[in-house]
Amino acid sequence: MFKYSTSNKRPNGIVFHWTASGSKYDTARNEADYEINGGRWKNAFVHTFIDSKTILNIHDTSYGCWGAGPKANARFVQFEFCNVEKGNEKKNLPSLLLTRLTTRPTSFDNMG
């Protein structure tokens with residue numbers, strides 16, 4: 001674990017990732033299990049996995065993680081969106097989450 005490199009040692013942004021899996025079994029639970037139990041955490045690690053039904057936190061957001069490269073890892077909380085196959089649900093998950101958090105993005109292109 002490591003502290004953020006920001007002046008107050010807290011995150012100052014959010015990174016949204018999409019999983020690379022095309023599987024219909026790509027759920028928050030399955031992706032977290034794969035990352036934790038499959039040893040993937042040695043190469044990449046995020047704070048939270050999200051699918052259409054679940055928000056699963058696996059790492060304390062008080063500490064950085066390593067899923068988006070050195071500059072982003074040291075500054076941002078990181079969420080991993082799992083593939084969702086129901087219409088526009090996949091496209092709208094980040095917008096829905098931000099709305100529920102009452103947060104307005106400063107830069108958001110909804111491109112994954």
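Residues numbered from 1 in each chain as written. Predicted model: local features only at pLDDT ≥ 70, side-chain atom pairs only at ≥ 80, totals over all residues. Heavy atoms only, no water.

Peer 1: Could you clarify how one ought to interpret the side chain of His-59 in this entry?
Peer 2: Inspection of the secondary structure puts His-59 in the loop between β3 (55-57) and α2 (70-73). Residue class for His-59 comes out buried when judged on its relative accessible area of 11%. Polar contacts involving the side chain of His-59 include one to the main-chain carbonyl oxygen of Gly-64, which spans 2.9 Å. Setting aside residues no more than four positions away along its own chain, His-59 makes contact with Met-1, Phe-45, Val-46, His-47, Gly-64 and Cys-65. (Helix = DSSP H or I, 4+ residues; strand = E, 2+ residues; numbered from the N terminus. Buried < 20%, exposed > 50% of the residue type's maximum accessible area, 1.4 Å probe, protein only. Polar contact = N/O pair within 3.5 Å; in protein donor to acceptor, adjacent residues only side chain to side chain. Contact = heavy atoms within 4.5 Å.)

Peer 1: Where do I start with the packing of aromatic side chains in this structure?
Peer 2: Two descriptors summarise a pair of aromatic rings, namely the distance from one centre to the other and the angle between the planes of the rings. Under the criterion given, the structure shown has four aromatic pairs. Aromatic side chains Trp-18 and Phe-81 sit 5.1 Å apart centroid to centroid with 35° between the ring planes, which places their arrangement in the tilted category. Placement of Trp-18 in strand β1 (residues 14-18) and of Phe-81 in strand β4 (residues 77-81) is noted, with a sequence separation of 63 residues between them. According to the relative accessible area criterion, Trp-18 is partly exposed, its value standing at 21%. Every member of this aromatic cluster is reached through a ring pair, and the members are Phe-16, Trp-18, Phe-79 and Phe-81. (Phe/Tyr/Trp six-rings, centres within 6.5 Å; stacked < 30°, edge-to-face > 60°.)

Peer 1: Honestly, the pattern of salt bridges in this entry has me stumped. Any pointers?
Peer 2: Opposite charge on two side chains lets them pair, provided their charged atoms get close. Throughout the structure, instances matching the rule amount to one salt bridge. Among the salt bridges present, the one from Asp-33 reaches Arg-29, with a minimum N-O distance of 3.2 Å. With a gap of four residues between them, Asp-33 and Arg-29 both fall in helix α1 (residues 28-37), about one helical turn apart. Among the residues examined, Asp-33 registers a relative accessible area of 30% and is labelled partly exposed. (Salt bridge = Lys/Arg side-chain N within 4 Å of Asp/Glu carboxyl O.)

Peer 1: What's the story with the sheet that holds β1 in this structure? I'm lost.
Peer 2: Whenever strands of a sheet pair, they do so through backbone hydrogen bonds, lying parallel or antiparallel. Taken in spatial order, the four strands make up an open sheet running β1-β4-β2-β3, and their pairing is mixed. One side of each edge strand has no neighbouring strand; the edge strands of this open sheet are β1 and β3. The mean inter-strand angle of the sheet, taken between neighbouring strand axes irrespective of direction, is 20°. Along the sheet, α1 makes contact with β2 (48-50) and β3, crossing β2 at roughly 145°. (Pairing = 2+ DSSP bridges. Axes fitted to C-alpha atoms, helices over the stretch in contact; angles between N-to-C directions.)

Peer 1: How should the pairing of β4 be read in this particular structure?
Peer 2: Along any regular strand the residues' side chains alternate between the sheet's two faces. Across the five residues of β4, five count as buried, placing the element largely inside the fold. Burial along β4 is two-sided: Val-77, Phe-79 and Phe-81 facing one way and Gln-78 and Glu-80 facing the other are all buried. Bridge count for β1 against β4 is five bridges, and the pairing is parallel. Each bridged residue has a counterpart across the sheet, and for Phe-16 the counterpart in β4 is Phe-79. Pairing of β2 with β4 involves three bridges; the strand directions are parallel. Among the inter-strand pairings, Ile-50 is bridged to a residue of β4, identified as Phe-81.

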